[in-house]
Amino acid sequence: QVQLVESGGGTVQAGGSLRLSCVASGSIFSFNGMGWYRQAPGKQRELVAIITSGGTTNYADSVKGRFTISGDSAKHTVALQMNSLKPEDAAVYYCNAVTPLRNVYWGQGTQVTVSS
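Along each chain, residue indices are assigned from 1 in the same order as the chain's sequence is written. For a predicted model such as this one, the threshold for reporting local features is a pLDDT of at least 70, and the threshold for listing and counting side-chain atom pairs is 80 or more; totals across whole chains, interfaces and linings nevertheless cover every residue. To get the side-chain values, all heavy atoms of the structure are used, and hydrogens and water are removed first.

**A few points about the packing of aromatic side chains**
The test is simple: Planes of paired rings set the category: under 30 degrees apart is stacked, over 60 is edge-to-face and the rest tilted, where pairs are Phe, Tyr or Trp rings (Trp by its six-membered ring) whose centres lie within 6.5 Å. Elements are defined by DSSP. Helices are runs of H or I of four residues or more, strands are runs of E of two residues or more, and each kind is numbered from the N terminus. Think of it in three bands: with a 1.4 Å probe and only protein chains considered, a residue is buried below 20% of the maximum accessible area for its type, exposed above 50%, and partly exposed in between. Lysine NZ or arginine CZ positioned within 6 Å of the ring centre and within 35 degrees of the ring normal marks a charge as sitting over the ring.
Enumeration according to the criterion identifies one aromatic pair in this entry. An angle of 75 degrees between the planes, with centres 5.0 Å apart, marks the rings of Tyr37 and Trp106 as edge-to-face. Placement of Tyr37 in strand E4 (residues 33–39) and of Trp106 in strand E10 (residues 104–106) is noted, with a sequence separation of 69 residues between them. Owing to a relative accessible area of 22%, Tyr37 belongs among the partly exposed residues under this scheme. In this structure Trp106 comes out as partly exposed when scored by relative accessible area, which is 37%. Its end group placed over the ring of Tyr94, Arg45 keeps NZ or CZ at 3.7 Å from the ring centre. The ring of Trp106 carries Arg45 above its face, with NZ or CZ at 4.6 Å from the centroid.

So, in structure tokens, the structure goes:
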């Protein structure tokens, strides 16, 4: 079994920054990619950013230029640096990992609150 544990959420004023981290543990051989999703109240879970094992990144248009994803495939970690936060970025952020066999794992989520 694989466990993903997020940390780094919290409350910040608009324009501020937060850094989220996620560590995977358990029966891990490799991941095709890791990423971050978010879900605001009353909304569907949406992709924020992903990074493949080869280092390719992809971002939601709403966070491009403000968020940066980074990862260490050997250590099975992924981080999300969030700058210039907006109230609309407030959500529960979930770490995600996908294995070569297309098994998908999720963290428990970490709350990000942005005050205006």
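Following the structure, the description resumes.
**Points about unusual backbone geometry**
Phi is positive for His76, close to 55 degrees, though the residue is something other than glycine. Within the secondary structure, His76 sits in the loop between strand E7 (67–72) and strand E8 (77–82). Even without a glycine there, the phi angle at Ser84 is positive, about 50 degrees. Among the secondary structure elements, Ser84 is positioned in the loop between E8 and strand E9 (91–98).

**A short note on the state of the cysteines**
For clarity, the cut-off: Cysteine sulfur atoms that pair up within 2.5 Å are treated as a disulfide.
On inspection of all chains with the given rule, the structure shows one disulfide. Disulfide partner of Cys22: Cys95, at an S-S distance of 2.0 Å. Its S-S torsion of about -85 degrees marks the bond between Cys22 and Cys95 as left-handed, since a negative value means left-handed. Here Cys22 is found in strand E3 (residues 18–26), whereas its partner Cys95 is found in strand E9, with 73 residues between them in sequence. Among the residues examined, Cys22 registers a relative accessible area of 1% and is labelled buried. On the basis of relative accessibility, which here comes to 0%, the residue Cys95 falls in the buried class.

**Quick word on the sheet that holds E7**
Across a sheet, paired strands are connected by hydrogen bonds in the backbone, their directions being either parallel or antiparallel. This is how the line gets drawn: The rule for pairing is simple: two strands pair if DSSP sees at least two bridges between them. A fitted line through C-alpha atoms serves as each axis, taken over the contacting stretch for helices, and the angle formed by two N-to-C directions is quoted from 0 to 180°.
In spatial order, the strands read E1-E3-E8-E7; together these four strands make up an open sheet with antiparallel pairing. The sheet is open, and its two edges are formed by strand E1 (2–7) and E7, each paired on a single side. Within this sheet the neighbouring strands show an average axis-to-axis angle of 15 degrees, counted without direction.

**Quick notes on the pairing of E8**
By the bridge criterion, six bridges tie E3 to E8 in an arrangement that is antiparallel. Bridging from a neighbouring strand, Ser21 pairs with Ala79 of E8. As paired elements, E7 and E8 share six bridges and run antiparallel to each other. Within E8, the position partnered with Thr68 by the bridge is Gln81.

Interpretation note: all reported values are geometric properties and have no functional meaning in isolation.
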